[in-house]
Number of protein chains: 2
Amino acid sequence: MRNHRVNGERLWASLMAMAKIGALPKGGCGRLALSDEDKAGRDLFVRWCREAGCSVRVDVLGNIFARREGRDPSLPPVMTGSHLDTQPHGGKFDGVLGVLAGLEVVRCLNDAGVETEAAIEVAAWTNEEGARFAPAMCASGVFGGAFDAAYVLAQKDLAGKTFGAELARIGYAGAEPCGGRPIGTFFELHIEQGPILEAENLPIGVVTGVQGVRWYDVTVSGQDAHAGPTPMEMRRDALLAAAKMVSAVNREARARAPHGRGTVGQMLIIPNSRNTVPGEIKFTVDLRHPEKAQLDALEDDVRRAFGEIAGKGCVSVEMARIWDSPPVSFDGVAIEAVRASASALGYAHRDIVSGAGHDSVYISRVAPTAMIFIPCKGGLSHNEEETAEPAHVEQGANVLLQAMLARAG
Amino acid sequence: MRNHRVNGERLWASLMAMAKIGALPKGGCGRLALSDEDKAGRDLFVRWCREAGCSVRVDVLGNIFARREGRDPSLPPVMTGSHLDTQPHGGKFDGVLGVLAGLEVVRCLNDAGVETEAAIEVAAWTNEEGARFAPAMCASGVFGGAFDAAYVLAQKDLAGKTFGAELARIGYAGAEPCGGRPIGTFFELHIEQGPILEAENLPIGVVTGVQGVRWYDVTVSGQDAHAGPTPMEMRRDALLAAAKMVSAVNREARARAPHGRGTVGQMLIIPNSRNTVPGEIKFTVDLRHPEKAQLDALEDDVRRAFGEIAGKGCVSVEMARIWDSPPVSFDGVAIEAVRASASALGYAHRDIVSGAGHDSVYISRVAPTAMIFIPCKGGLSHNEEETAEPAHVEQGANVLLQAMLARAG
């Protein structure tokens, strides 16, 4: 079994064929969850799975499971998968790679006539991106017990259409319950969406966990004032204070190198007039760290810095935590299966912590889970220019194949 | 003549009567230039002027001149005035005070039977605010030779209506040329629109000039990146750099205390997504100083600081100057007339530089000019809550009366 290898060209061709569905002018893909494009992508995937001899089931959240039966159908399946939906201006690899690499594993085992002890399943999780329906990763979240199915089915897009209605419209509202069945091990192959592997010239990242993420909404309140007549020392400039807070977020995250992350991504200036000192600023903070204690400390330090800046600037500040996704540590046995497979294949690799959320975050709550990263050019993702090397795609799929075989027996 | 005093109650009553035209729910006024409300305000002013025995002329820009003839009609008139138009949510004093205080001077001279050597004129300049038609102060600008009449008449509001057509519609397109005639001295009474006089508990500001103002559009270009996977040291965070630039603008303006001003009032974050390191920021800078050399140096220092911040942050920066309004120094004799009048009246006063533009900026190009400021509560203006004390209104008008008498003989 150690000698089996995926067919890299076939996998690449499948990725490029899928990328034609919802293709965008700059080379990317737009397949928003439960759109017509998503339906077309699902239809293609289901057809390919059936052609590969798999049985296909769909659960009430629209999650698709393609099963290649094992010698012992009573064993929990070894599962892999990711998602087929994309950002509005997404790339050809984010999510899709993990689904089609799973299909390639099945095709490869078919070619070689290999029978596994446990069944192999390939999952396509619904609405991972969260770009159309919040929250992100919501259907794997139901599988993992983080959300109720009814809650997710009731979510609305900006046009007021519900997840449930759109799922039924595209014909993917299955009858099977979501979750509640055992999985032997879950693996997910994904592009890194960051620059580390590329910078270190490594084809494989052994993902040991996912950073904890906390989101905050911050409001700084000062006083509107004329930019001309108001002396500098009499101002209560909310933007000046917010600017210093942006610097503080960066400084505090850097103080917890290399894993600390701090980002201000959104900002609203009120009244946003060229010759008015802004009286109110709203901005977001995104803090991340793979260790809860460090994330707690990072939050404390940011809060303390904000308070000091507000005091000196004669403004007030409110910082509300609106989301807390705890750090995830993947399963030791599953991680070792990935690491050993990469080593056996002779692929250079390093352990890496995922900075982004993935379906694996929630699946890891109900199954031993690990992930495999491959580099993407410039670390670019959620962008039409997102791209990966065919060689890395093939290497990542080989690691997935070997890790699944190691666990499926 | 030194004993003449305005009738403060009459002036206040006139201000409150005018404020009923275009009155807004929170106590402010909405009389956008050349609107029906502006016409009603003009009609009331013209009626009051005629009742006070003035001749009234209107020029091609709609500027209104009410004249109280002097003993020697061949002398250039001593003129005062300001504007009757307001911001969309403006106050009851900005501009209106300067026009109605001029009318009160005429009424007071009538009451006392005083005949002046030179004629007294009260001007109401069209569209000072610039809120409906850009640029601001455009009709006094034509009078002062800064703009062509045809240019201003062709300006359009957001609905596409031209200044000229709207001026004709409300019946204020006069036949008289705009400007080109001598003015002995021009005085303008105005609320400070800043907090200095209130903070120092002074009723009168002797305005010696107007700050130079320069406006800039700044673009900072970095690179979008995922907030999670992207290590802090690999980021090209445009918002972080822009935040440091906001601090630098403040620092450099403070380095030129007390007159330097630096404000960032508008900012646009691209793509403005909570979990994306922003790749591009656009923001405005407003720099002011009463001395050109200092304003030049302030701009140089800000440019240098921006360059250093961009270099350290691995981003690029472009800073384009889009407007340059040079500093204005008012006429020494006119300033002294204001200062001496305030002193003779026993009113505490200080010299002050206007941070905001006024019609006097352009009139000073063709006539000896000075301004008188009175405090406004909290320095608040361009706001429905803008307010001034009746006592200060009366004191300001008395200074105007005495200064005009000193110059009109």
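Source: prediction; values computed, not measured.

(A) Local environment of the overall build of chain A. In terms of regular secondary structure, chain A is built from twelve helices and 16 strands. For chain A, the C-alpha radius of gyration of 23 Å lies close to 22 Å, the compact-globule estimate for 409 residues. Dimensions along the principal axes, computed over C-alpha positions, put chain A at roughly 80 × 45 × 40 Å. Put simply, chain A has 409 residues, and 60% of those count as buried. The contacts of chain A with a sequence gap of at least 6 include a subset with a gap of at least 24, amounting to 79%. Measuring between centres, the 42 positive side-chain charges of chain A sit 1 Å from its 50 negative side-chain charges.

(B) Representation of the relation of the copies chain A and chain B. The two copies are related by a screw operation: chain A maps onto chain B through 180 degrees of rotation and 0.5 Å of translation along the axis, at an RMSD of 0.5 Å. Taken together, the turn and the small shift mark the pair as related by a two-fold rotation axis. Minimal C-alpha separation from the rotation axis in chain A is found for Ala243 of chain A, amounting to 2.1 Å. When you check the interface residues of chain A against chain B, 98% turn up at the interface there too, and the contact is symmetric in its surfaces.

(C) Geometry of the state of the cysteines. Inspection of the entire model under this criterion finds zero disulfides over all chains. Of all cysteine sulfurs, the one in Cys54 of chain A lies closest to Cys108 of chain A, which takes part in no disulfide; the gap is 13 Å. Assessed through its relative accessible area of 5%, Cys108 of chain A is described here as buried. Here Cys314 of chain A stays free of any disulfide, with the sulfur of Cys376 of chain B as its closest cysteine sulfur at 20 Å.

(D) Up close: the interface of chain A and chain B. In this assembly, 54 residues from chain A lie in contact with 55 residues from chain B. Taken over both partners, the interface formed by chain A and chain B buries close to 4,600 Å², and the fraction arising from carbon and sulfur atoms is 60%. Taken together, the connections running from chain A to chain B amount to two salt bridges. A salt bridge links Arg274 of chain B to Asp217 of chain A, with the nearest nitrogen and oxygen atoms 2.9 Å apart. Where chain A packs against chain B, one counts 21 residue pairs in polar contact (both at pLDDT 80 or more). Looking at the side of chain A that touches chain B, the elements with two or more residues in it are α7 (196-199), β7 (212-221), α8 (238-254), β9 (261-263), β10 (267-270), β11 (276-277) and β12 (280-289) of chain A.

(E) Highlighting the environment of Leu240 of chain B. Position of Leu240 of chain B relative to the elements: it lies in helix α8 (residues 238-254). When the C-alpha positions of Leu240 of chain B and Pro278 of chain B are compared, they lie 8.6 Å apart, and in sequence the two are 38 residues distant. Excluding residues that lie within four positions of it along the chain, Leu240 of chain B makes contacts with Val246, Ser247 and Asn250 of chain A.

(F) Fine view of the pattern of salt bridges. Considering all chains together, one arrives at 66 salt bridges over all chains under this definition. Between Arg339 of chain A and Asp351 of chain A there is a salt bridge, and its shortest N-O distance comes to 2.9 Å. Here Arg339 of chain A, found in helix α10 (residues 332-345), pairs with Asp351 of chain A, found in strand β15 (residues 349-354); they are twelve residues apart in sequence, far enough to count as distant. For Arg339 of chain A, a relative accessible area of 24% corresponds to the partly exposed category. Its relative accessible area of 34% is what places Asp351 of chain A among the partly exposed residues. Put simply, Arg321 of chain B and Glu299 of chain B hold a salt bridge, and the shortest N to O gap is 3.1 Å. With Arg321 of chain B in strand β13 (residues 316-325) and Glu299 of chain B in helix α9 (residues 292-312), the pair connects residues that are 22 residues apart, well separated along the chain. For Arg321 of chain B, a relative accessible area of 39% corresponds to the partly exposed category. One connected set of salt bridges, linked through shared partners, spans Arg214, Lys292, Asp296, Glu299, Arg303, Arg321 and Asp324 of chain A.

(G) Structural context of the packing of aromatic side chains. The full count for this structure, using the stated rule, is 20 aromatic pairs over all chains. Through successive ring pairs, a cluster of aromatic residues spans Phe65, Trp125, Phe143 and Phe186 of chain A. Above the face of the Trp48 of chain A ring, Arg107 of chain A is positioned so that its terminal group lies 5.3 Å from the ring centre. Positioned above the aromatic ring of Tyr172 of chain B is the side chain of Arg42 of chain B, whose terminal nitrogen or guanidinium carbon lies 5.0 Å from the ring centre.

(H) Up close: unusual backbone geometry. Residue Ala134 of chain A is joined to Pro135 of chain A through a cis peptide bond whose omega torsion reads -5 degrees. For Pro135 of chain A, the location among the structural elements is in the loop between β4 (120-125) and α4 (138-143). Going from Ile270 of chain B to Pro271 of chain B, the amide bond is cis rather than trans, its omega being 5 degrees. Mapped onto the elements of the fold, Pro271 of chain B is located in the loop between β10 (267-270) and β11 (276-277). With a phi close to 55 degrees, Asn201 of chain A is a non-glycine residue in the positive phi region. Here Asn201 of chain A is to be found in the loop between α7 and β6 (204-210). Residue class for Asn201 of chain A comes out exposed when judged on its relative accessible area of 70%. Phi angles above zero are rare outside glycine, and Cys314 of chain B is one such case at about 55 degrees. Looking at the element boundaries, Cys314 of chain B is found in the loop between α9 and β13. In this structure Cys314 of chain B comes out as partly exposed when scored by relative accessible area, which is 49%.

(I) Fine view of the domain arrangement of chain A. Residue and element names in this part refer to chain A. The domain architecture assigned to chain A consists of domain 1 (8-211 + 327-408) and domain 2 (212-325). Residue-level contacts link six residues of domain 1 with ten residues of domain 2. Buried surface at the junction of domain 1 and domain 2, summed over both partners, amounts to about 680 Å²; 53% is from carbon and sulfur atoms. Across the domain 1-domain 2 interface, the total number found is zero salt bridges.

(J) Broad picture of the side chain of Asp359 of chain B. Residue and element names in this part refer to chain B. By the element assignment, Asp359 lies in helix α11 (residues 359-363). In this structure, Asp359 is buried with no salt-bridge partner, the nearest side chain bearing the opposite charge being Arg42 at 10 Å. If we skip the residues at most four places from it in the chain, Asp359 touches Ser82, His83, Trp125, Glu128, Met137, Ser140 and Glu188.

Basis of the calculations
- Counting starts from 1 at the beginning of each chain's written sequence and moves along it residue by residue.
- For this description, chains carry letters from A and ligands carry numbers from 1, given in the order in which they are written.
- At least 70 in pLDDT is required for a residue's local features to be given in this predicted model, at least 80 for side-chain atom pairs to be given and counted, and no such filter applies to totals for whole chains, interfaces and linings, which use all residues.
- Computation of side-chain values covers all heavy atoms of the structure but excludes hydrogens and water.
- Helix numbering and strand numbering both begin at the N terminus, where a helix is a DSSP run of H or I of at least 4 residues and a strand a DSSP run of E of at least 2.
- Computation of the radius of gyration draws on C-alpha atoms alone. For the globule rule, the value is 2.2 Å times the number of residues to the power 0.38.
- Exposed residues in this analysis have more than 50% of their type's maximum accessible area, buried residues have under 20%, and partly exposed residues fall in between, with area computed by a 1.4 Å probe over protein chains only.
- In this analysis, two residues are considered to be in contact whenever any of their non-hydrogen atoms come within 4.5 Å of each other.
- Residues scored as charged are limited to Lys and Arg (positive) and Asp and Glu (negative), so that His and the chain ends carry no count.
- Note on charges: their place is set at NZ of Lys, CZ of Arg, CG of Asp or CD of Glu.
- When the copies are superposed, the least-squares fit takes in the C-alpha atoms of residues with a pLDDT of at least 70 in both.
- In this description, the term disulfide denotes a pair of cysteine sulfurs within 2.5 Å.
- Defined in terms of a 1.4 Å probe, buried area is the accessible area two parts forfeit on being brought together, summed over both.
- Counted as salt bridges are all cases of a side-chain nitrogen of Lys or Arg within 4 Å of a carboxyl oxygen of Asp or Glu.
- Side-chain atoms alone can form a polar contact between residues adjacent in sequence; in general such a contact is a pair of N or O atoms within 3.5 Å, and within protein one must be able to donate a hydrogen while the other accepts it.
- For Phe, Tyr and Trp, rings pair up if their centres lie within 6.5 Å, where Trp contributes its six-membered ring, and each pair is then called stacked (planes under 30 degrees apart), edge-to-face (over 60) or tilted (otherwise).
- For a lysine, the NZ atom is tested; for an arginine, the CZ atom; a charge sits over a ring if that atom is within 6 Å of the ring centre and within 35 degrees of the ring normal.
- Domain start and stop points were drawn from an automatic or database domain assignment.

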